[in-house]
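# Tertiary structure, described
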Amino acid sequence: MKVVITGHTHGIGRALYNHFQTFNGWEVVGLSRSNGYDIDKDFDEVVEAATGCFLFINNAYRDQQQTKLVNALKNKVTKMIVMGSVSRQYPELIHTDYVHDKQELAEACRLISIDPNGIDLLHLDLSFIEGMPDKDDPTHFVSDYNLKFEEIVSAIDFWLTNPKIRQIEFRWKLTPFVFNQLKQAFPTLDPSRIQF
Amino acid sequence: MKCFITGHTTGLGKEFYNHFSKLGWEVDGISISTGYDIVADYSQILSKAAGCDLFINNAYADGMQLHFLEALANQVGKMIVCGSVVTEYPDPELPKYTEDKIKLEKLFLQKDFIGLLLKLSGDTYNTPEVIMRVVDFWLENPEIKIVSFKAGKPNR
């Protein structure tokens, strides 16, 4: 079984890359800028490298490239995992291109999930993750309440044996610490809209 | 461990009842067949359920799920809310149901508590067996907040 993962040198991508290495008989291929696979500039090469694999992990974020990869590969891989963001649920709260991109990504995933012939696709809505932000993180927010890599990894393992699940969303805790950062980034933020 | 289920004598509620009984939990519930009217007996049900370790907000009961979520989110250890994929794939033949489930999901997203929203679809994809596996997995992994199933046909 072949797994292909984008953005395998950082964060959760690296954790998953390492995780699948422990699966007996599985071949794990990582695609990152560091080995010549930029999901923007080298889009066609990324699609070609992932075509035919058993599991494609659509992890690296760059503008609308994740959505383009979903559509380019939806009939060319057996299964797909897509790294989305819980922030898409709060577009009025956090209005950035990032949130907009993640909303479009969720919609592309939803369309595959209602297609009776669609592949098994898991859309993960992730919140803040341990080790963030790294230099590639577009949000630049830091949190004092983070998901652990192992929590994401076990959800993925669970899905592999229960493939009719289409989406798993994780808890996002709006701590005072996070709230203050949001307030700085978006001075017009209306606290009454937040009822956490 | 004590578990309380709304609508525990039929369908998925009954599956929950059997599942947690087998696990050795103390399971209690209310349903029409045991003489409860969710609307008329609302406050009595609230006092019965408050303080349990797990409240399973299962019975749809014409939008009463929303009231149980609001009243009990911080009065019980954990809560499982039976939602629906209809929020993403609206069913024009079920406008009230669709609207109620959308309200339920919005309120759920605003609450800070240990809760799981199950977004259920047709039986083909989420058999009781799979749902119980998800619930067991969530009890071990409470950072998960929503689990949604594939929906190849309108929810019924």
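Here's what I pulled together on the structure shown here. Owing to the predicted nature of the structure, the values given are computational and were not obtained by experimental measurement.

So, about the overall build of chain B. In terms of regular secondary structure, chain B is built from 5 helices and 6 strands. Secondary structure elements of chain B, listed N to C terminal, follow the sequence β-α-β-α-β-α-β-α-β-α-β. In terms of overall dimensions, chain B is globule-like: its C-alpha atoms have a radius of gyration of 14 Å, near the 15 Å expected for 156 residues. The principal-axis extents of the C-alpha atoms in chain B amount to approximately 35 × 35 × 30 Å. Residues classed as buried in chain B amount to 56% of the 156 residues present. For chain B, the share of sequence-separated contacts (at least 6 apart) that also reach a separation of at least 24 residues comes to 67%. Accessible surface, chain B: about 6,800 Å² in total, of which carbon and sulfur atoms supply 53%.

Time to look at the nonpolar core. Within the largest apolar cluster, 52 residues are counted, with the highest numbers of intra-cluster contacts made by Phe-20 and Leu-124 of chain A together with Phe-16 and Leu-118 of chain B. Aside from chain neighbours lying at most four places away, what touches Leu-124 of chain A is Ile-81, Val-82, Met-83, Gly-84, Ser-85, Ile-152, Ile-156, Ile-168 and Phe-170 of chain A.

All names here are of chain B. Turning to its location among the elements, Ile-114 is positioned in the loop between α4 (95-110) and β5 (115-120). A relative accessible area of 29% means that Ile-114 is categorised as partly exposed. C-alpha of Ile-114 to C-alpha of Met-79: the two residues are 35 residues apart in sequence and 6.6 Å apart in space.

So, on to the pairing of strand β1 (residues 2-6) of chain A. Residues and elements named next belong to chain A. With 4 of 5 residues buried, β1 lies mostly within the body of the structure. In terms of strand pairing, β1 meets strand β2 (residues 27-31) through 5 bridges, oriented parallel. If you follow Ile-5 over to β2, its bridge partner there is Gly-30. A crossover connection joins β1 to the parallel β2 through helix α1 (residues 11-21); in handedness this β-α-β unit is right-handed. With 3 bridges connecting them, β1 and strand β3 (residues 55-58) associate as parallel partners. What sits directly across from Val-3, in β3, is Leu-55.

Our focus in this paragraph is the side chain of Asn-58 of chain B. The topology assignment puts Asn-58 of chain B in the loop between β3 (54-57) and α3 (64-72). Engagement of the side chain of Asn-58 of chain B in a polar contact is seen with the backbone oxygen of Gly-7 of chain B, the distance being 3.3 Å.

Our focus in this paragraph is the side chain of Asp-38 of chain A. Residue and element names in this part refer to chain A. Tracing the chain through its elements places Asp-38 in the loop between β2 and α2 (43-50). In this structure the side chain of Asp-38 is engaged in a polar contact, spanning 3.2 Å, whose partner is the backbone nitrogen of Lys-41. Those residues within four positions of Asp-38 in sequence are excluded, and the remaining contacts are Arg-33, Phe-43, Val-46 and Arg-62.

Residue-level contacts link 27 residues of chain B with 29 residues of chain A. Buried surface at the junction of chain B and chain A, both sides included, amounts to about 2,600 Å², of which 50% is carbon and sulfur. Run the count over chain B and chain A and you get 2 salt bridges. Note that Glu-88 of chain B is salt-bridged to Arg-166 of chain A, the shortest N-O span being 2.8 Å. The tally of links from chain B across to chain A stands at 13 residue pairs in polar contact (both at pLDDT 80 or more). Elements that contribute at least two residues to the side of chain B that touches chain A include exactly α4, β5, α5 (128-140) and β6 (144-149) of chain B. Examining the composition of the side of chain B that touches chain A, we find that 6 residues originate from one element, β6 of chain B, more than from any other. Looking at the side of chain B that touches chain A, its residues break down into 15 nonpolar, 5 polar and 7 charged. Across 5 bridges, strand β6 (residues 165-170) of chain A lies against β6 of chain B in antiparallel orientation.

We now examine unusual backbone geometry. Leaving glycine out, the prevailing phi sign among residues is negative, and the prevailing peptide bond configuration is trans. In this structure, Asp-63 of chain A takes a positive phi of about 45 degrees despite not being glycine. Structurally, the position occupied by Asp-63 of chain A is in the loop between β3 and α3 (65-73). Non-glycine residue Asp-62 of chain B carries a positive phi angle of around 50 degrees. Mapped onto the elements, Asp-62 of chain B comes out in the loop between β3 and α3.

Turning next to the packing of helix α5 (residues 149-161) of chain A against α5 of chain B. The interhelical angle for the contact between α5 of chain A and α5 of chain B, taken along N-to-C directions, is 165 degrees, at an axis separation of 12 Å. Classified by the angle their axes make, α5 of chain A and α5 of chain B are roughly antiparallel. Read as a crossing pair, α5 of chain A and α5 of chain B show a hand that is right-handed. Of the residues in α5 of chain B, those touching α5 of chain A at Ser-154, Ala-155 and Phe-158 of chain A are Arg-133, Val-134 and Phe-137 of chain B. A class-by-class count of the residues in the contact of α5 of chain A with α5 of chain B yields 4 nonpolar, 1 polar and 1 charged.

Thresholds, definitions, all that
For every chain, the first residue of the written sequence is number 1, and numbering continues from 1 onward in sequence order. The lettering of chains begins at A and the numbering of ligands begins at 1, in the order of writing. Local features in this predicted model are restricted to residues whose pLDDT is 70 or higher, and side-chain atom pairs enter the listing and the counts only when it is 80 or higher, whereas totals over whole chains, interfaces and linings include all residues. Note: side-chain values were computed over all heavy atoms of the structure, leaving out hydrogens and water. Only DSSP runs of H or I with at least four residues qualify as helices, and only runs of E with at least two residues qualify as strands; both kinds are numbered from the N terminus onward. Every radius of gyration here is taken over C-alpha atoms, with the globule rule written as 2.2 Å times N^0.38, N being the number of residues. Exposure categories follow from relative accessible area, calculated using a 1.4 Å probe and restricted to protein chains: below 20% of the type maximum is buried, above 50% is exposed, and the middle band is partly exposed. Contact criterion: two residues are considered in contact whenever any of their non-hydrogen atoms come within 4.5 Å of each other. Accessible surface area values rest on a Shrake-Rupley calculation with a 1.4 Å probe, where residue burial reflects the displayed protein chains alone. We call a set of buried residues a nonpolar core when its members are Ala, Val, Leu, Ile, Met, Phe, Trp, Tyr or Cys and they connect through side-chain atoms within 4.5 Å of each other. A strand pair is defined by DSSP finding two or more bridges across the two strands. Seen with the strands pointing away from the viewer, any crossover whose path from the first strand over the helix to the second strand runs clockwise is right-handed. N or O atoms closer than or at 3.5 Å make up a polar contact, with two conditions inside protein: a donor-capable atom paired with an acceptor-capable one, and, for residues adjacent in sequence, both atoms drawn from side chains. Two parts lose some accessible area (1.4 Å probe) when they are put together, and adding that loss for both gives the buried area. The salt bridge definition used is simple: a Lys or Arg side-chain nitrogen within 4 Å of an Asp or Glu carboxyl oxygen. Any residue that is not Ala, Val, Leu, Ile, Met, Phe, Trp, Tyr, Cys, Pro, Asp, Glu, Lys or Arg is counted as polar, Gly included; the first ten are nonpolar and the last four charged. Lines fitted to C-alpha atoms define the axes, with helix axes restricted to the stretch in contact, and inter-axis angles between N-to-C directions lie between 0 and 180 degrees. An angle below 35 degrees is treated as roughly parallel, one above 145 as roughly antiparallel, one from 65 to 115 as roughly perpendicular, and anything else as oblique. In this scheme the handedness of a crossing depends on how the near helix is turned from the far one: anticlockwise by less than a right angle means left-handed, clockwise means right-handed.

Everything listed is a geometric property; what it means functionally is a separate question.
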